[in-house]
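Architecture and fold: a report
Now for the letters of each chain:
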Amino acid sequence: MTEETTVHLPVMLNEVLEALRPQPGKAFVDGTLGGGGHTIALARLVGTQGLVLGIDRDLDAINRAEKRIKSQDEPLSIRLAQANYCDFPEALDMLNRQRVDGILLDLGLSSDQLADQNRGFSFDSEGELDLRFDTTEGAPAYELLNRLSAEQIADIIYKYGEERYSRRIARAIVEFREERPLRFASELAAICRRSIPGPRGAMRIDPATRTFQAIRIAVNEELKSLESFFDVAAERLAPGGRLAIISFHSLEDRIVKTRLRDDERYEVVTRKPIEATQEEMDRNPRSRSAKLRVAERKFTD
Ligand SMILES: C[S@@+](CC[C@H](N)C(=O)[O-])C[C@H]1O[C@@H](n2cnc3c(N)ncnc32)[C@H](O)[C@@H]1O
C-alpha cells in the first residue's frame, strides 16, 4: 500500500546540514531517501546547478518522495534510484558522476514503513510479517522463521537484537509453528510478549522490539550493506567531502565508529556522536536513539 504523503520527520536535520555544508552547485548522495526530508533540504541548498541523488531500496518510498518533490514550489535538482545504498557508485556512474561532495545515510526504517499495515514492521498490524525494505528481493521474514531451526533463530535474535531471552523466544516460535506456520506480525509480537518474563509496566520498551529489530536486520542483511558501503564510499567522496551517518542502535554505530576511525582516508569530525536536542526528542521520539557521526575525506589517498 503506497501512502500519498510521508509521515516521516527527518531526524537531526539542522545537524546534518551543518555537517554536510551543502553549497550551490555541489553534489550529494542521500543513500536512505525515506520520506525525502533530508534530500529536499539538501537540494534547496545546492540549487539547480547542484545535484542530490536520492536512493532507497523501497519502491514505495521512491514513489512517495517523487510525488513530494514534484509538489515543491521550486525546481529541485534531484535524481532518484531504487537500489541498495552500498551500490551507490553504479547509480552515480549512470549519471556520469565520479565523485560527490557529501553522502548521508539515515539508517533503519522510516515512520512511513512503520505506518504501513501490510509490511509487518508494526508489531500489532494485521499484516504479514514481511520486514523487507525491498519486497521484490529475497524472502519475507515469516518464511525465514518457518524454515530455520530454533538454534538459528535464537542466534539471530541474540546477535542482532541483543535480546537476553532469545532462546526462549526461538523455542516459542518453533512450538507455535508445530500447530500452524507463523505468518503475521501480530503473532510474532504475541510470542515475544508471552516469552519475556516480568511485569510489562516496568519495562521501558515493548518486549517485541528487540526481536523485530533482529529479524529485520537479518532479512535485509543490514549490517552487510553498511560494511559494503564503507568498502566503496571513500573512493567516490571528493577530497574535503563529508560523510554523515545516523544510526539507531549500537550494532550499526559500532560499525560506523570503527570503519571511520580505522580508515586513514577519513578525518573524524565527531569524536563523540551528535545526539538530538531535548526539544527534538520531545517532538519526535524516534530521534531519541539517533547518533550522528561525521567524517571528512582527506586530500591525500
Ligand atoms: C530512517 S529512513 C530515512 C528517512 C529520510 N532521511 C527522511 O528524512 O525522510 C531509512 C530509509 O532507508 C531505507 N533503507 C534502509 N536500508 C537501505 C539500504 N541498504 N539501501 C537503500 N535504502 C535503505 C529504508 O527503506 C528507509 O526508507
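Report follows, based on the coordinates. Note that the structure is predicted; figures quoted are calculated from it, not measured.

Quick look at the overall build of the protein now. Summing up its helical and strand segments, the protein has 13 helices and seven strands in all. For 301 residues, the compact-globule estimate of 2.2 N^0.38 gives 19 Å, and the protein sits close to it at 20 Å. Projected onto the principal axes, the alpha-carbon positions of the protein cover approximately 60 × 40 × 40 Å. Considering the protein as a whole, with its 301 residues, one finds that 54% of them fall into the buried category. Total accessible area computed for the protein in this model is approximately 14500 Å², and 47% of it derives from carbon and sulfur atoms. Between the mean site of the 45 positive side-chain charges and the mean site of the 51 negative ones, the protein shows a separation of 4 Å.

Okay, the site of the ligand next. Near the ligand there are 25 residues, and of these His 38, Asp 56, Tyr 85, Asp 106 and Gln 113 occur at the shortest range. Residue His 38 places a side-chain N or O atom 2.8 Å away from a nitrogen atom belonging to the ligand. A distance of 3.2 Å is found between a nitrogen atom of the ligand and a backbone nitrogen or oxygen belonging to Arg 57. Calculation on the ligand without its partners gives an accessible area of 610 Å², and the protein chains cover 99% of this total. Its residues placed into classes, the shell around the ligand shows seven nonpolar, 13 polar and five charged.

We now examine the environment of Thr 211. Along the chain, Thr 211 falls in helix α10 (residues 209-220). Sequence separation between Thr 211 and Glu 264 is 53 residues; the distance between their C-alpha atoms is 36 Å. Leaving out residues up to four positions away in the same chain, Thr 211 has contacts with Ile 157, Glu 163, Ile 169, Leu 188 and Cys 192.

This brings us to helix α7 (residues 150-161). With twelve residues, α7 should cover 16 Å at 1.5 Å per step; its first-to-last C-alpha distance of 16 Å lies within 8% of that length. Every buried residue of α7 is accounted for by Ile 153, Ala 154, Ile 156, Ile 157, Tyr 160 and Gly 161. With its buried residues spanning 160° around the axis, α7 presents them on a single face. Along α7, exposed side chains directed more than 90 degrees from the buried face belong to Glu 151, Tyr 158 and Lys 159.

All right, on to the pairing of strand β1 (residues 27-30) then. Burial along β1 is two-sided: the residues Ala 27 and Val 29 and Phe 28 and Asp 30 are all buried. Here β1 runs beside strand β2 (residues 51-56); their pairing, made up of four bridges, is parallel. In the sheet register, Ala 27 faces β2, and the bridge partner there is Leu 51. Between β1 and its parallel partner β2, the chain crosses via helix α2 (residues 37-46), and the hand of that crossover is right-handed. Pairing of β1 with strand β4 (residues 100-106) involves three bridges; the strand directions are parallel. Within the sheet, the bridge partner assigned to Phe 28 lies in β4 and is Gly 102.

With that settled, the discussion passes to the sheet that holds β1. A sheet is described by the order of its strands in space; here seven strands give the open sequence β3-β2-β1-β4-β5-β7-β6, paired in mixed fashion. The open sheet has two edge strands, β3 (78-82) and β6 (266-268), and neither has a second partner. Mean inter-strand twist for the sheet, computed between neighbouring axes without regard to direction, equals 20°. The pairing of strand β5 (residues 237-247) with strand β7 (residues 291-297) spans six bridges and is antiparallel. Its bridge partner lying in β7, Leu 243 is registered against Ala 295. Against the sheet, helix α1 (residues 13-20) makes contact with β1, β4, β5 and β7, and its axis sits at roughly 160° relative to β5, the strand it touches most. Helix α3 (residues 59-70) rests against β2 and β3 of the sheet, and its axis sits at about 165° to β3.

What follows is about the nonpolar core. Core analysis: the largest hydrophobic core is formed by 66 residues, its most contacted members being Leu 129 and Phe 229. Residues in contact with Leu 129, not counting those within four places in the same chain, are Gly 120, Pro 140, Ala 141, Tyr 142, Leu 145, Leu 182, Arg 183, Phe 184, Ala 185, Leu 188 and Phe 212. With 28 residues, the next largest nonpolar core counts Met 12, Leu 42, Ala 65 and Ala 244 among its residues.

An ideal rise of 1.5 Å per residue puts 16 Å on twelve residues; α10 measures up with 17 Å between its terminal C-alpha atoms. With ten of its twelve residues buried, α10 lies for the most part within the structure. Residues of α10 that are buried in the fold lie against α6 (141-147), α7, α8 (166-179), α9 (185-195), α11 (222-233) and α12 (250-262). Positioned one or two residues after α10, Glu 221 has a phi angle of 50°, which is positive.

What counts, and where the lines are drawn
Residues numbered from 1 in each chain as written. Predicted model: local features only at pLDDT ≥ 70, side-chain atom pairs only at ≥ 80, totals over all residues. Heavy atoms only, no water. Helix = DSSP H or I, 4+ residues; strand = E, 2+ residues; numbered from the N terminus. Rg over C-alpha atoms; globule rule 2.2 N^0.38 Å. Buried < 20%, exposed > 50% of the residue type's maximum accessible area, 1.4 Å probe, protein only. Areas by Shrake-Rupley, 256 points an atom, 1.4 Å probe, with all protein chains shown as cover. Lys, Arg positive; Asp, Glu negative; His and termini not counted. Charge placed at Lys NZ, Arg CZ, Asp CG, Glu CD. Near = heavy atom within 4 Å. Polar contact = N/O pair within 3.5 Å; in protein donor to acceptor, adjacent residues only side chain to side chain. Nonpolar A, V, L, I, M, F, W, Y, C, P; charged D, E, K, R; others polar. Contact = heavy atoms within 4.5 Å. Expected span 1.5 Å × (residues − 1). Arc of directions from axis to C-beta. Pairing = 2+ DSSP bridges. Right-handed = clockwise from strand over helix to strand, strands pointing away. Axes fitted to C-alpha atoms, helices over the stretch in contact; angles between N-to-C directions. Core = buried A, V, L, I, M, F, W, Y, C linked by side-chain atoms within 4.5 Å.

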